[in-house]
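# Summary of the model geometry
What follows is each chain in one-letter form.
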Amino acid sequence: IAELTCDYSKQLFFLFFEFSDHRSGYWEKMVVGVNEIKVELRESRNAKIQSTTFKPSDNWSASQGLNQFITSHLQRAVKGEDFVTTFLLPAHLSTVKMLVTGLSSDGVLAQLEIKVKNPILRLFAPRIELVYELQSQRLLTYFANSNIYTASGDKQTVFIDYDYPVMTAATTPSLLPRKGP
């Protein structure tokens, strides 16, 4: 249905990415330069490509980089300290300040909430609920609207339960000792 390509090699919080919905032709791309981010957007297969450039500063994030931003501040959330990221919205060629709040923690898991910082805009934007495992800093669950719409163009609310494989010598043969010279 859709395809997402990410490259974290230049920056973890606002990475190069390209997203396309193969059904509608919707497409967005973010290219990270030295001191700027170029965003391109095509709303449908036959639409003209729109673009804009941003000059990011500290605490910016975008796409999957939001997860990296959160994990770098996870202990702050567990301690009850809120933090803000300027989140780039390629679909709107704009940014929004997002407030990340730690809701609860039992020492093993942490539940967080992300919402638009502006209280008026918050009335129109749904919140995102996340659960992280503290030791590994892995995202375990995600509950929010999806950026993949239904075939009729409606938003979908999704619950994603992440499952990470157990890594052992049997499942990672590249880590086994090599024989011979």
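These numbers were taken from a predicted model, which means no experiment stands behind them. (Residues numbered from 1 in each chain as written. Predicted model: local features only at pLDDT ≥ 70, side-chain atom pairs only at ≥ 80, totals over all residues. Heavy atoms only, no water.)

Ordered in space as β6-β7-β8-β9-β10-β11-β12, the seven strands form an open sheet in which the pairing is mixed. Each edge of the open sheet carries a strand with a single partner, namely β6 (60-62) and β12 (157-161). Across this sheet, the average inter-strand angle for adjacent strands is 25°, counted without regard to direction. In the sheet, strand β10 (residues 128-133) pairs with strand β11 (residues 138-145) via five bridges, with the strands oriented antiparallel. Bridging from a neighbouring strand, Val-131 pairs with Thr-141 of β11. (Pairing = 2+ DSSP bridges. Helix = DSSP H or I, 4+ residues; strand = E, 2+ residues; numbered from the N terminus. Axes fitted to C-alpha atoms, helices over the stretch in contact; angles between N-to-C directions.)

Moving on to the packing of aromatic side chains. Scanning all chains against the criterion turns up four aromatic pairs. Ring geometry for Phe-13 against Phe-69: centres 5.4 Å apart, planes inclined by 80°, an arrangement best described as edge-to-face. Taken together, the residues Phe-13 in the loop between β1 (2-7) and β2 (16-21) and Phe-69 in helix α1 (residues 65-72) connect sequence positions 56 residues apart. For Phe-13, a relative accessible area of 21% puts it in the partly exposed group. (Phe/Tyr/Trp six-rings, centres within 6.5 Å; stacked < 30°, edge-to-face > 60°. Buried < 20%, exposed > 50% of the residue type's maximum accessible area, 1.4 Å probe, protein only.)

Another point: α1. Buried within α1 are the following residues: Gly-65, Leu-66, Phe-69, Ile-70 and Thr-71. Looking at the packing, one finds that the buried side of α1 touches β6, α2 (74-78), β7 (83-89), β8 (94-105), β9 (109-116) and β10. (Contact = heavy atoms within 4.5 Å.)

A word on the pairing of β2. For a regular strand, the rule is simple: side chains alternate between the two faces of the sheet. Where β1 and β2 come together, six bridges link them in antiparallel fashion. Counterpart to Cys-6 in the pairing with β2 is Phe-17. As defined by bridge partners, β2 adjoins strand β3 (residues 27-32) across four bridges and the pair is classed as antiparallel. Residue Glu-18 lies in a different strand from β3, and its bridge partner there is Lys-29.

Right, let's get into unusual backbone geometry. Despite not being glycine, Asn-59 has its phi angle at roughly 70°, a positive value. In this structure, Asn-59 sits in the loop between β5 (50-54) and β6. A positive phi angle is found at Gln-137, which is not glycine, with a value near 60°. The residue Gln-137 is located in the loop between β10 and β11 in this model. Judged by relative accessible area, Gln-137 falls into the partly exposed class, the value being 33%.

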